[in-house]
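Spelled out, the chains give:
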Amino acid sequence: MKISISSSRKRGLTPDLRLVQKYLKNNVDDFEISYFMADETSKNRMAKKGFKDAKKRYCNTVENVICVDASIQAKKYKTGKKVLIGVPYDYQFKALNRVETESDYKKTNSFKGFDYIIAGSPFTKEVYTKCYNIPNSQVIENVVTPMAWNMRREKAERESREKYEIMFPQMKGKKVIAILTNGKVKEDVPSPYEKFDLKKVLDSIDSSYFVITNSDEILNHAITLGSEYTDKFAYINKALDSRRILYFAEYLFTNSGMYASYMSGREKPVYSINYVDNNFEKFMKRRFPHLHVEDLNNITQYLKGYREINKIFTQYFSYEVSENPCEVIKDIYVK
């Protein structure tokens, strides 16, 4: 059986696609896989033409497809079963923001050709049914994304934490507060953290917590910290996979809808923050204002554990009970 895994925008194989690939290789006989990794960002005209030609050849020869986005619309694939894993990228929040605020919004055909859609959460199901024309698609509910499933495994949580404790031994035994951002603040735009006092914030947090961030804007406020703050704070650079922190963090403060969705499956408090004014930030301000932190200087106000407001959010962004999504995808192809 030939199954093709498609990805784009320089993403390569995403965590969800890697998990599906590994599972299928171990559980499907006569399994053959092909890839198509698109680079849609090139400004070179010859490169763009080469991309279009390669995409056409790929779509004409592919048999079965698994995607995490619709950068190559499913209707272009000629044969086989087409499966979409509903990873909540920022365009999903953009679509839902528009359909709920614009009276003249019209559904688009971006996902029209997919046979099966792994919703991943009630939120993503709502996005596809409200914002897109999918008349012939079977939306599979009560199944989370592969990454969200993997994060629920105790072994994966333990191994991820151990790897970070090797790099940051000071965090061992502490509750991790993750401040993880996506995107880069434009140089001509004022920093959302100009008035952020990291030292004061760390002083207000007791020694049982450890703060990790991947934010350059927050790092700019860590330069003056003394060595004594290494017991409470760490910055991770681009070489480290910040998604692994989601496996063991106790709190997440983020402007990434994808990170928020993954974390929801673990039933831990998730809060949104101001960063680049993306669609997830706008969505949270509109739909979950009590979970949006306008001023991160007040972070200690939100360290109160998993409360009812957090439960409402996490149940919207992740199904509570789920089959193994990789098994569900396998059954689509082998039955």
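Everything here concerns the structure above.
In this report, the structure presented in the accompanying data block is examined. Note that this is a predicted model, so its numbers are computed, not measured.

## Comments concerning the sheet that holds strand β9 (residues 233–235)
Okay, so step 1: Judged by pairing direction, the sheet is parallel, and its six strands sit side by side in the order β9-β8-β7-β10-β11-β12 without closing on themselves. Lying at the two open borders of the sheet, with one neighbouring strand each, are β9 and β12 (292–293).
Okay, so step 2: Relative to β12, strand β11 (residues 270–273) is paired through two bridges, and the arrangement is parallel. Residue S272 lies in a different strand from β12, and its bridge partner there is H292.

## Brief notes about the pattern of salt bridges
Okay, so step 1: Taken as a whole, this structure holds 13 salt bridges when the rule is applied.
Okay, so step 2: With its nearest N and O atoms 3.3 Å apart, the salt bridge here joins K330 to E327. Separated by three residues within a single helix, K330 and E327 lie in helix α12 (residues 325–334), roughly one turn from each other.
Okay, so step 3: Residue classification places K330 among the buried residues on the basis of a relative accessible area of 15%.
Okay, so step 4: Overlapping salt bridges, with partners in common, bring together E100, E126, K130, R286 and R287 in one network.

## Remarks on helix α3 (residues 90–101)
Okay, so step 1: If you check α3, its first and last C-alpha atoms are 17 Å apart, about what 12 residues at 1.5 Å a residue would give, namely 16 Å.
Okay, so step 2: Where α3 is buried, its residues contact α4 (122–131), α9 (257–264), α10 (279–287) and α11 (308–317).

## Topic: a positive patch on the surface
Okay, so step 1: A cluster of like positive charges, contributed by R18, K22, R153, K155, R158, K163 and R244, occupies part of the molecular surface.
Okay, so step 2: Among the elements of the structure, α1 (15–27) and α6 (154–167) are those that each provide at least two residues to the positive patch.
Okay, so step 3: The element contributing the most residues to the positive patch is α6, with three residues.
Okay, so step 4: Residue classification places K22 among the exposed residues on the basis of a relative accessible area of 57%.

## Remarks on the pairing of strand β4 (residues 82–85)
Okay, so step 1: With burial as the criterion, each face of β4 is covered, one bearing K82 and L84 and the other bearing V83 and I85.
Okay, so step 2: As defined by bridge partners, strand β3 (residues 65–67) adjoins β4 across three bridges and the pair is classed as parallel. Within the sheet, the bridge partner assigned to V65 lies in β4 and is K82.
Okay, so step 3: Relative to strand β5 (residues 116–118), β4 is paired through three bridges, and the arrangement is parallel.

Cut-offs used in this document
Residues numbered from 1 in each chain as written. Predicted model: local features only at pLDDT ≥ 70, side-chain atom pairs only at ≥ 80, totals over all residues. Heavy atoms only, no water. Pairing = 2+ DSSP bridges. Helix = DSSP H or I, 4+ residues; strand = E, 2+ residues; numbered from the N terminus. Salt bridge = Lys/Arg side-chain N within 4 Å of Asp/Glu carboxyl O. Buried < 20%, exposed > 50% of the residue type's maximum accessible area, 1.4 Å probe, protein only. Expected span 1.5 Å × (residues − 1). Contact = heavy atoms within 4.5 Å. Patch = residues over 30% accessible without salt bridge, like charges linked within 9 Å, V, L, I, M, F, W, Y side chains within 5 Å. Areas by Shrake-Rupley, 256 points an atom, 1.4 Å probe, with all protein chains shown as cover. Lys, Arg positive; Asp, Glu negative; His and termini not counted. Charge placed at Lys NZ, Arg CZ, Asp CG, Glu CD.

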